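Residue-level listing of the chains:
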Amino acid sequence: MTKSQAGASEGGVQGSPGSLRVTCRQATKSRAPFIPRSFSFLLSPVPLGTMEHNKDAVWRANGCLQSVCIACLMDTRRGLPDIESHRDLHIWIIENLQMVPVPEPAYGNFFEKHCYVVLHVPQSLKATPGVPKDLHYWVGKMAAPGAQGAPGSFLQHLKEALGGATVQHREVQGHESACFRSYFRSGIIYRKGGLASALKHVETNVYNIQRLLRIRGGKHVSATEVELSWHSFNNSDVFLLDLGRMMIQWNGPKASAARKARGLFLTHSLRDRERGGRAQVSVVDDEAEATDLMEIMEAVLGRRVGSLHAAMPSKRMNQLQKANVHLYQVCQKSKDLVVQELSTCPLTQDLLQEENCYILDQGGFKIYVWQGRRASLQERGAAFRRALNFIQAKGYPSYTSVEVMDDGAESAGFKQLFRSWSGQQRKNKNLSGMGKLLQVKLDVGKLHSQPELAAQLRMVDDASGSVQIWCIQDSHRQPVDPKRHGQLCADSCYLVLYTYRRMGLVQHVLYLWQGLQATAHEISALRGNAEELDLWYRGALVQEHVTMGSEPPHFLAIFQGQLVIFQGHPRHSRKGQPAPAVSLFHIQGTDSYNTRTMEVPARASALNSSDVFLLVTANLCYLWFGKGCSGDQREMARTVVTIICREDMEIVLEGQEPPNFWEALGGRAPYRSNKRPPEDVCDFQPRLFECSCQAGPLVLTEVVFFSQEDLDKYDVMLLDAWQEIFLWLGAAASEWKQEAVAWGQEYLKTHPAGRSLATPIVLVKQGHEPPTFIGWFCTWDPYKWSNTQSYEEVVAGDPGAVSTISEITAEIVNFRLSRWPGNDRAGPLALRALKSSEDISESELELGPRAGTGSRSTVSSASSSSYQSSPQSLGSGGLPREQLRHQAAEDLPEGVDPAHKEAYLSDSDFQDIFGKSKEEFYSMAKWRQQQEKQQLGFF
């Protein structure tokens, strides 16, 4: 500890006039004391006059470097550059303190020595009104130190110029947020060095390239340029050897099928954007079966020595770590900036006051800064600086993601860290989901043609389809008499198979209903029998796991308001339990689409003034109406009574109960008499995550602004619609079927908002998506799965290796010779270069192209000597044109390569026939060479 730090801990920090002291204090109720109870940052400013000559001027804070916001020097008075309204993504590179637009074909390419600004404006037709824009400041790992602190006031100026709700992000290379990565579906490419003065991010149709890219990542892949050597390879990643005219994707022996497919997607994207789709793409899945491609790779990289090493595991936080949430209030007290912990999870929205600023720490995974609408402009401008100071104080990595937002412009990820969230647009709505349902309940066609409506109402149709029900008994399923459909037992498990038609196709939903008193053995048997049914229906069942008391609307609608849950005594349960002398049933609901009746303990404390209850005794039934119940509730209760009560019934109003009523309940007792508050409608947006559990705990990677394109056959995806959780299984991910439901339960258990573990979990398989799932996507193509090529089909559809390896190999050696010192010509002819390269010893090849100048000069010398010592085939004399032109392979002179007949012509004959020199000819594109050879009789 320095002297200044020691002074800070004692409250006696001394600094120059105008210095800023930041004191952080932790609340005594904190569960985990991550930071000291009191610490300070003393920021001593560097004189502004020195900044004219040093753009990387920094603030020094107790020996720690705090970057100066050099971007403040930019002329922000001009506002933003022109933004095209029809585009959702805009990218600028920071060059000489100016924002320079990046050409659209170069989106996704980032130079590690630069900083970028990325703006995303939602353009979706179904985008939720009021969804904020996202403004990102990206910092390359080799960027100047001053760039680390640049986002502060720079992004604030841009935000003001943009207007409207905007969320600001700070991104660091290799550790970008899921929101940032979601913009680049094909992947992000990190490019070495800095941008040339011409500001050409991508030069299309340039083929004099040799580079090696390592491709890694899950749903969001990234490609990093690495050393052109076998030492860069490992056994788990995907590598792309880019040779200009040819791109070879090499897949590690332990690379997953999903990683291979995503790597190929990125490779094709590179080919289309940078080579106009004209480069040849080939894949090495098995080196033993791709000897031709391996020959090309060895011509570039040399012979591989030794075995491949294992890949370094990437550090990703699991769900339990992300659930460690702490909320801090930031306030100015005199000269001190105080950061005080307010609460840990689960958080409530009312903790955020509009006159204050807050820091929310999500376990070090991300730092959020929330600014109240009445916070001062000075506080808003200091948001990023405070977040970076906080990161330093907690000892988090410098690349920790930062997200700054204003009151009313919160991101979906931030909202879901709270138990509930009510937006302004929802506060003025008094129309509940079931109210909307009443308007469309008879129009099943609308639910089918508008899946977004089906998703919001959680109704696949109007529940008029056919139903089969089985009760799980002795680990087997027993059919339930249709007359007793809807009478369930709390200590049992049931399978409810619902069949309906949608767009002319038969669809199935299998509900796995679990009673609260069911044993673990019965629950296991329930899932086993569900799997048997799924096999019987060839995997076409959508399986929804339902817990007693948390039934979804469609499940309730199936029984038309007649669902009654007993405590274990219906006749079909066959458990021999005698019916109790007195039973009390709680009736909840206003119509046949949302009514549920549950047996509760027969005591007075179970009553509620807002609802209806049915008390069943040996001689009489009492239908009790609470003071707060509505007419619709009373009407539905009268229809339910006929199912339960066979005796005489007496209607009892609250406050007018006869003595026998209270006697049956064991006497009077306090019960809930306050009017039930209106239903809390949460303003949560659906979120999509990729599930991964390769080694250790569950890891989820969010896909922001998701679409159907983000669903891949190798994926297990989790769609959080808040009221229910969907687990989507790709066609090639069936091995994770058993784990998928457990992942959904773990997600709920570790959620920072304290989610209910009874939230329904729906298992959906590729090709059998219900409208309640489809409706959360902006667009949906029902024929996509049948029209999309698999990874194997794409590989098979790519052109194979060229007919002769010598053509590619010769170009490679030509490329190398043209780049070596002392060689001021474009390189010898392809055939000569190939022949010379074949004479190099294996020991020289093992060094590879970057082994040193010795190997390079050896190859160059060998090439030159070979060029001068082959007068018959390559010299000025050559072979007569009659022996080569229009001749079949078997008619050619001995030793002539049929694929290169033109190379055996004399220089003069070659010039006369082709109208150009050999060097000019071999510098042409391959397809043009082949075309001319075919036209002139040398093909």
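Starting afresh in each chain, residues are numbered from 1 along the sequence in its written order. Residue-level local features of this predicted model are given only where pLDDT is at least 70; pairs of side-chain atoms are given and counted only at 80 or more, and the full residue set underlies all totals for whole chains, interfaces and linings. With hydrogens and water set aside, each side-chain value is computed from the structure's full complement of heavy atoms.

- For the chain, the name recorded in an unreviewed UniProt entry is Villin like, with Bos mutus grunniens as its organism.
- Note on the chain: under the UniProt heading Sequence similarities (unreviewed entry), the record states "Belongs to the villin/gelsolin family." UniProt positions are given in the numbering used here, feature names are shortened, and annotations may be inferred rather than shown by experiment.

Describing the overall build of the chain
Phase 1: Summing up its helical and strand segments, the chain has 28 helices and 38 strands in all.
Phase 2: Accessibility here uses a 1.4 Å probe with only protein chains present; expressed as a share of the type maximum, an area under 20% marks a residue as buried, one over 50% as exposed, and anything in between as partly exposed. The proportion of buried residues among the 939 residues of the chain is 54%.
Phase 3: In the chain, 65% of the contacts between residues at least 6 apart in sequence involve partners at least 24 apart.
Phase 4: Areas reported here follow the Shrake-Rupley algorithm with a probe of radius 1.4 Å; residue values treat only the protein chains shown as occluding. Entry remark: accessible area of the chain is about 42,800 Å², with carbon and sulfur atoms responsible for 49%. For helices the rule is a DSSP run of H or I covering at least 4 residues; for strands it is a run of E covering at least 2, with both sets numbered from the N terminus onward. The contact definition used throughout considers only heavy atoms, calling two residues in contact when any of these lie within 4.5 Å.

So, a nonpolar patch on the surface
Phase 1: Each patch is assembled from residues with relative accessible area greater than 30% and no salt bridge, linking like charges that lie within 9 Å and nonpolar side chains (Val, Leu, Ile, Met, Phe, Trp, Tyr) that lie within 5 Å. Here, a salt bridge means any Lys or Arg side-chain nitrogen found within 4 Å of an Asp or Glu carboxyl oxygen. Together, Met649, Ile651 and Leu653 make up an exposed nonpolar region whose accessible area comes to about 230 Å².
Phase 2: Within the secondary structure, Leu653 is located in strand 33 (residues 648-653).

Here we look at the sheet that holds strand 15 (residues 246-251)
Phase 1: Being paired, for any two strands, means DSSP has found at least two bridges between them. Strand order in the open sheet formed by 7 strands is 7-11-13-12-14-15-16, and the pairing between neighbours is mixed. If you trace the sheet from one side to the other, it starts and ends with strand 7 (109-111) and strand 16 (280-284), each paired once. Within this sheet the neighbouring strands show an average axis-to-axis angle of 25°, counted without direction.
Phase 2: Both strand 11 (residues 188-191) and strand 13 (residues 222-226) contribute to a ladder of 3 bridges, which runs parallel. Along strand 13, the bridge assignment pairs Tyr190 with Thr224.
Phase 3: Where helix 5 (residues 291-301) meets the sheet, its contacts fall on strand 14 (238-242), strand 15 and strand 16, and the angle it forms with strand 15 comes to roughly 100°. Every axis in this analysis is a line fitted to C-alpha atoms, fitted for helices over the stretch in contact. Angles between the N-to-C directions lie between 0 and 180 degrees.

Details of the environment of Val764
Phase 1: Along the chain, the position of Val764 falls in strand 38 (residues 761-765).
Phase 2: The buried category is assigned to Val764, whose relative accessible area is 0%.
Phase 3: When the C-alpha atoms of Val764 and Leu541 are compared, they prove to be 7.9 Å apart, with 223 residues separating the residues in sequence.
Phase 4: Not counting residues within four places of it along the chain, the set of residues in contact with Val764 comprises Val542, Phe726, Leu727, Trp728, Leu729, Glu769 and Pro770.

Regarding the pairing of strand 20 (residues 366-371)
Phase 1: For strand 20, the buried fraction is high: 6 of the 6 residues fall into the buried class.
Phase 2: Side-chain alternation along strand 20 places Lys366, Tyr368 and Trp370 on one buried face and Ile367, Val369 and Gln371 on a second face that is also buried.
Phase 3: As paired strands, strand 19 (residues 357-362) and strand 20 are joined by 6 bridges and run antiparallel to one another. By the bridge assignment, Cys357 is partnered in strand 20 with Gln371.
Phase 4: Here strand 19 folds back onto strand 20 in antiparallel fashion, the turn holding 3 residues, of which Gly363 has a positive phi close to 60°.
Phase 5: Sheet topology places strand 20 next to strand 21 (residues 401-406); 6 bridges connect them, and they run parallel. By the bridge assignment for strand 21, Lys366 is matched with Ser401.

Details of the packing of aromatic side chains
Phase 1: The pairing test for Phe, Tyr and Trp rings, Trp by its six-membered ring, is centres within 6.5 Å, and the orientation test on the planes gives stacked under 30 degrees, edge-to-face over 60, and tilted for anything in between. Using the criterion set out here, one finds 43 aromatic pairs in the structure.
Phase 2: When the ring of Phe414 is compared with that of Phe418, the centres are 5.2 Å apart and the planes differ by 55°; the resulting orientation is tilted. Across the pair, Phe418 and Phe414 agree in class, each one buried.
Phase 3: Measuring from ring centre to ring centre gives 3.8 Å for Phe684 and Trp722, while their planes differ by 35°; the resulting arrangement is tilted. Of this pair, Phe684 sits in the loop between helix 17 (659-664) and strand 34 (687-692) while Trp722 sits in the loop between strand 36 (716-720) and strand 37 (725-729), placing them 38 residues apart in sequence. Per residue, the accessibility class of Phe684 equals that of Trp722, and both read buried.
Phase 4: An aromatic cluster is defined as three or more aromatic residues linked by ring pairs; in this entry it consists of Phe110, Tyr116, Trp138, Phe180, Tyr183, Phe184 and Phe705.
Phase 5: The criterion is that NZ of a Lys, or CZ of an Arg, lies within 6 Å of the ring centre and within 35 degrees of the ring normal, and then a charge sits over that ring. For the cation-ring pair, Lys322 lies above Phe365, with the distance from its terminal atom to the ring centre recorded as 4.4 Å.

Some points on the pattern of salt bridges
Phase 1: Applying the stated criterion across every chain yields a total of 35 salt bridges.
Phase 2: A salt bridge links Lys784 to Glu709, with the shortest nitrogen-to-oxygen separation between them at 3.4 Å. Here Lys784, found in helix 20 (residues 784-787), pairs with Glu709, found in the loop between strand 35 (699-703) and strand 36; they are 75 residues apart in sequence, far enough to count as distant.
Phase 3: Salt bridges sharing partners connect three or more residues here, namely Arg211, Asp242, Glu274 and Arg275.

As for the side chain of Thr750
Phase 1: Among the secondary structure elements, Thr750 is positioned in helix 18 (residues 737-750).
Phase 2: A residue is classified by how much of its surface remains accessible, and Thr750, at 11% relative accessible area, is buried.

Some remarks on the nonpolar core
Phase 1: Put simply, a nonpolar core is a bunch of buried Ala, Val, Leu, Ile, Met, Phe, Trp, Tyr and Cys residues held in one set by side-chain atoms that sit within 4.5 Å of each other. Among the nonpolar cores identified, the biggest contains 48 residues, and Tyr494, Tyr511, Trp513, Phe555, Leu711 and Phe773 are the most heavily contacted of them.
Phase 2: What Phe555 contacts, discounting residues up to four positions off in sequence, is Leu488, Val496, Tyr511, Trp513 and Leu563.
Phase 3: In this structure, Leu135, Tyr137, Ala143 and Val339 belong to the second largest nonpolar core, which totals 29 residues.

Quick look at unusual backbone geometry
Glycine aside, residues mostly have negative phi angles, and peptide bonds mostly take the trans form.
Phase 1: Here the amide bond leading from Cys345 into Pro346 is cis, since omega sits at 0°, within 30 degrees of zero.
Phase 2: Relative to the elements of secondary structure, Pro346 occurs in the loop between strand 18 (336-344) and strand 19.
Phase 3: Despite not being glycine, Ala463 has its phi angle at roughly 70°, a positive value.
Phase 4: Tracing the chain through its elements places Ala463 in the loop between helix 13 (451-457) and strand 22 (466-473).
Phase 5: The backbone phi angle of Trp722 is positive, close to 70°, even though this residue is not glycine.

Focus on the state of the cysteines
Phase 1: Only a pair of cysteine sulfur atoms within 2.5 Å counts as a disulfide in this structure description. Per the counting criterion, the structure on display carries 1 disulfide.
Phase 2: The disulfide partner of Cys621 is Cys645, and the gap between their sulfur atoms is 2.0 Å. Taking the torsion about the S-S bond as the criterion, the Cys621 to Cys645 disulfide, at about 105°, is right-handed. Remark: Cys645 occurs in the loop between helix 16 (631-644) and strand 33 and Cys621 occurs in strand 32 (residues 620-625); sequence separation between them is 24 residues.

Regarding the pairing of strand 25 (residues 493-502)
Phase 1: Counting buried residues along strand 25, 9 of its 10 residues qualify, which places the element largely inside the surrounding structure.
Phase 2: Across 6 bridges, the pairing between strand 22 and strand 25 is antiparallel. Its bridge partner lying in strand 25, Gln468 is registered against Leu497.
Phase 3: With 10 bridges connecting them, strand 25 and strand 26 (residues 505-514) associate as antiparallel partners. Of the residues in strand 26, the one forming a bridge with Tyr498 is Val509.
Phase 4: In sequence, strand 25 turns back onto strand 26 through a hairpin of 2 residues, with Met503 there showing a positive phi of about 55°.

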